[in-house]
Amino acid sequence: MDSSGILYVVATPIGNLSDLSERARSVISEADLVLCEDTRRTARLLQAYGISARARSFHDHNENKLLGWVVQRLWDGQDIALVSDAGTPLISDPGFSLVREVHRQGLRVSPVPGPNAAIAALSVSGVPCHRFCFEGFLPSQAKRRQNALRALRNESRTLVFYESSHRIEECLKDMANVLGWDRPVMIGREITKIHETFFLGSLDEALHFTHSDENQRKGEFVLVVGGNPDVDLEWQRACELLERLGSSLPASEASRIVSETFSVNRKRLYRRMIEQKKN
Ligand code: SAM
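Residues numbered from 1 in each chain as written. Predicted model: local features only at pLDDT ≥ 70, side-chain atom pairs only at ≥ 80, totals over all residues. Heavy atoms only, no water.

Visitor: Go over the overall build of the protein chain with me, naming the residues and quoting the values.
Guide: The helix and strand tally for the protein chain stands at 11 helices and 10 strands. A globule of 279 residues ought to have a C-alpha radius of gyration of about 19 Å, yet the protein chain, at 24 Å, is considerably larger. A burial count over the protein chain gives 44% of its 279 residues as buried. Partitioning the intrachain contacts of the protein chain with sequence separation of at least 6 by distance along the chain shows that 71% fall at a separation of at least 24. Split by element, the accessible area of the protein chain, about 15,100 Å² in all, is 47% carbon and sulfur. Mean positive and mean negative side-chain charge positions of the protein chain (36 and 36 charges, respectively) differ by 5 Å. (Helix = DSSP H or I, 4+ residues; strand = E, 2+ residues; numbered from the N terminus. Rg over C-alpha atoms; globule rule 2.2 N^0.38 Å. Buried < 20%, exposed > 50% of the residue type's maximum accessible area, 1.4 Å probe, protein only. Contact = heavy atoms within 4.5 Å. Areas by Shrake-Rupley, 256 points an atom, 1.4 Å probe, with all protein chains shown as cover. Lys, Arg positive; Asp, Glu negative; His and termini not counted. Charge placed at Lys NZ, Arg CZ, Asp CG, Glu CD.)

Visitor: Tell me about the sheet that holds strand E10 (residues 220-225), and name the residues and values.
Guide: Taken in spatial order, the 5 strands of this open sheet run E6-E7-E10-E8-E9, and their pairing is mixed. Every interior strand has two partners, whereas the edge strands, strand E6 (132-137) and strand E9 (197-202), have only one. Adjacent strand axes in the sheet meet at a mean angle of 15 degrees when their direction is disregarded. Sheet topology places strand E8 (residues 184-189) next to E9; 6 bridges connect them, and they run antiparallel. Bridged to valine 185 within E9 is glycine 201. (Pairing = 2+ DSSP bridges. Axes fitted to C-alpha atoms, helices over the stretch in contact; angles between N-to-C directions.)

Okay, structure coming up:
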């Protein structure tokens, strides 16, 4: 019988304490050890539920140092719960190195799913959410942030970002400048908390909304930004031309001309043409 312990990755509330699941409660109370990003913050949550647990701090600065120690406890048969300050651990939160190491060692890891700010925001965003890219926090330095946004300009999937109150306005401004003032955006602020607010409009309107009311610059934010609607259209048009040229030109020549006419990848066009010829 396998006598090693299990690492449970446990989601905790992102605001409303009642969002702690029944299972999260029991896993945390039964665990031999709870690894928390901030022991004081987790203590408040546990106190609210009358849970007493053995907690140890586990954050970005000591995660690698503690890996061996934690893994040894799992080998010794202890069950360990990993929680972060809010939401799902590892999602813009510590824990990645530990989970990877647990897999490497062939130990067991199991999720206790629950709150996550990105998914909560997406679910009420009114922006298409069947395909999305989670980008977490953009760089804090302006030039790097603008470059990161430039790299996402042609992304057709919905984009999801986390942002803090210090940078919300600058961030919206950079998004508008790089992605376009008309792009739809949903700002989810203080989700599940007393001052929960959702704003849906263009980046232009969002900037105005945030700028004109200082309360709208306070708290925690998720930004859900619509993808570039022209990219798929560009691809469709490129495919149409490819089809026409393909009947009279070799695949390499046709894909070169089309990729020069539209800003689409030549190899992707070439592969598409070869596939079509096969069918
Ligand atoms: N692991 C967390 C999760 O599952 O969502 C995210 C942790 S990350 C360090 C914290 C960021 O998540 C905040 O700066 C904010 O962008 C977003 N966030 C967390 N809670 C939120 C809330 N209640 N409302 C809006 N955004 C929130």
